[in-house]
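A closer look at the structure
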Amino acid sequence: MSIKKTRVRFAPSPTGPLHIGGVRTALYNYFFARHFGGQMILRIEDTDSKRFVPGAEEYIIESLKWLGIEIDEGVGYGGAYGPYRQSERRDIYRRYVEQLLVEGKAYKAYDTAEELEAVRASVPNFQYDASTRGQMKNTLSLSSEQVAELETQGVPFVVRIKIEPGEEIVVNDLIRGEITINSSIIDDKVLYKSSDDLPTYHLANIVDDHLMEITHVIRGEEWLPSAPLHKLLYRALGWEDTMPQFAHLALLLKPEGNGKLSKRDGDRLGFPVFPLEWKDPESGMISMGYREEGYLPMAVVNFLALLGWNPGDNREVMSREELIEAFSLERCSKSGAKFDFEKGKWFNHHYLQEEPLETLAEQFRQDLNRRGVYPTDKLADIIAVVRDRIQLVSELWDETFFFFVAPEEYDEKTVKKRWRESTPQELREVAIMLKGLASSFDSATIAEQLSAFIQQNGYNMGGVMNALRLALVGAPKGPHINDIIYLLGLEETLRRIEKAIERLS
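Residues numbered from 1 in each chain as written. Predicted model: local features only at pLDDT ≥ 70, side-chain atom pairs only at ≥ 80, totals over all residues. Heavy atoms only, no water.

1. Examining the pattern of salt bridges
The test is simple: One side-chain nitrogen of Lys or Arg within 4 Å of one carboxyl oxygen of Asp or Glu is enough to make a salt bridge. In this description a helix means any DSSP run of H or I spanning at least four residues, a strand means any run of E spanning at least two, and both kinds are numbered starting from the N terminus. Relative accessibility under 20% of the residue-type maximum defines a buried residue, over 50% an exposed one, and the middle range a partly exposed one, all with a 1.4 Å probe and only protein chains included.
The full count for this structure, using the stated rule, is 40 salt bridges. Note that Asp-197 is salt-bridged to Arg-94, the shortest N-O span being 2.4 Å. Taken together, the positions of Asp-197 in the loop between β8 (190–193) and β9 (198–199) and Arg-94 in helix α3 (residues 90–102) put the pair 103 residues apart, joining distant regions of the chain. Take Asp-197: its relative accessible area is 17%, and that puts it in the buried class. Arg-94 gets classed as partly exposed once you look at its relative accessible area, which sits at 36%. Between Lys-254 and Asp-265 there is a salt bridge whose closest N-O contact spans 3.2 Å. With Lys-254 in the loop between β12 (252–253) and α8 (263–269) and Asp-265 in helix α8, this residue pair connects regions lying eleven residues apart in the sequence. Given the relative accessible area of 3%, Asp-265 is considered buried. One connected set of salt bridges, linked through shared partners, spans Arg-9, Arg-43, Glu-45, Arg-89, Asp-208 and Asp-209.

What follows is the structure, given as structure tokens:
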């Protein structure tokens, strides 16, 4: 017997932006597939037509590309098992709905939303199942004449699976082990709705996973209660022997307190919960994205990988290849992982130090363009002297703005502390000294000559240096003064010294 090639799928719904928890699910699927030399499929679950949000599908695809999660087949990529949008697979689903009806493993129910609401209000903990279906309006409780009349009138219906009570359903989960549920607590779930001619999540996923030859379903623990039902569906359709193995990932939890990580947590604590910035098409509200906030893709990947999984040793910083090689479902945690967004910044700081300067310069150039600031040809050099101070690319402006915009005001506390009566003359002499370096104007020479000049003239080192920084930056901040002078250039440095003397004397 041949061994099936590992095939996993990431199957988000286009109901809004991709949550960071969904990103982690996609990552784990990707790592698992690549670890076993398998394939990663992107399927879009758009059977809930009422919740469809324009632009969400494109957002999902762009997010995966930005993170480097490679898709082998699916929406936007093609493949031999398409179509990969569930809304385009209606004809396929109908065949299996009809099969279940003909074989008596499912039935039509004509109860209206109002009727269902009324019975739920009158019967505590109502469940549509073997004990209650006889009192409801369906093909199991109505006569053939009544059913025929409803069909003639075109009354909308749903198709429900017929669950037989009293059976112990066993599901083997690759993370959580053996899970046993009695079928009596599973209600007759809706599989299909005539109102939009689409199946629900339960049927569509079973059919798609089977036909697309999915070998492993790795998804969030919120779907764990559905696993026994899905096993029953595989059996009902005659596919139990080809059922994929399940693995249910623990939740991402709030940074503080209990409960699932939500967008409100991010808004409250000031961190993104979406990979890319998202603009709500209805409200126009913009939500933060990791990309736009200045995170590098690999930093996000590395950070998320260790939220609910560990490599079995003390490694934290791991390359994509190392993550793929080390990944196993056995090392996934059964309990939720708190979302430590400060740790995410730590990872980003690390990757910023290793990122090519030209790559960072290109990202920063876009920020400067948005600010209407013209970048210099020394942009990469500017980033080089400050990047050890930042955690995010978006912080570059606050650390470097003085390279692009000369100070118009000077920090009052620093002026009072550092600007003395002798300062103007000392700075004029510094300016003359710097002019003499025009032929060898580099950071190392500036540092050496500036220090020698101050010592030879018996000036106070801190007094001159701090006053010079005040003149060039306007505040007590920035990298080494020799780096600032070199990157500003001789002409701009002299101009700022003269301006400060004029303003502050």
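2. Things to note about the domain arrangement of the protein
Quite often, the size of an interface is put as the accessible area lost when its parts meet. This is how the line gets drawn: What counts as a domain boundary in this text is fixed by an automatic or database domain assignment.
Split into domains, the protein comes out as domain 1 (87–249), domain 2 (263–354) and domain 3 (361–504). Taking the mean C-alpha position of each, domain 1 and domain 3 sit 70 Å from one another.

3. A few points about the pairing of strand β4 (residues 106–109)
Rule in force here: Paired strands are those between which DSSP finds at least two bridges.
Burial along β4 is two-sided: the face carrying Ala-106 and Lys-108 and the face carrying Tyr-107 and Ala-109 are both buried. By the bridge criterion, four bridges tie β4 to strand β5 (residues 158–161) in an arrangement that is antiparallel. Bridge assignment links Lys-108 to a residue of β5, and that residue is Val-159.

4. Side note on the pairing of strand β11 (residues 245–249)
Let me state the cut-off plainly: Look down the strands so they point away from you; if the path from the first strand over the helix to the second goes clockwise, the crossover is right-handed.
Extensive coverage of β11 is indicated by the burial of four of its five residues. In this structure, strand β10 (residues 216–220) lies alongside β11, joined through five bridges in parallel fashion. Residue Gly-220 lies in a different strand from β11, and its bridge partner there is Leu-249. Where the polypeptide runs from β10 across helix α7 (residues 227–236) and back to β11, its parallel neighbour, the crossover connection is right-handed.

5. Some remarks on the UniProt feature "domain: Aminoacyl-tRNA synthetase class I anticodon-binding" (unreviewed entry) in the protein
Stated formally: UniProt positions are given in the numbering used here, feature names are shortened, and annotations may be inferred rather than shown by experiment.
Here the UniProt feature "domain: Aminoacyl-tRNA synthetase class I anticodon-binding" (unreviewed entry) sits at residues 363–501. The span residues 363–501 carries 65% helix and 0% strand; its end-to-end C-alpha distance comes to 36 Å.

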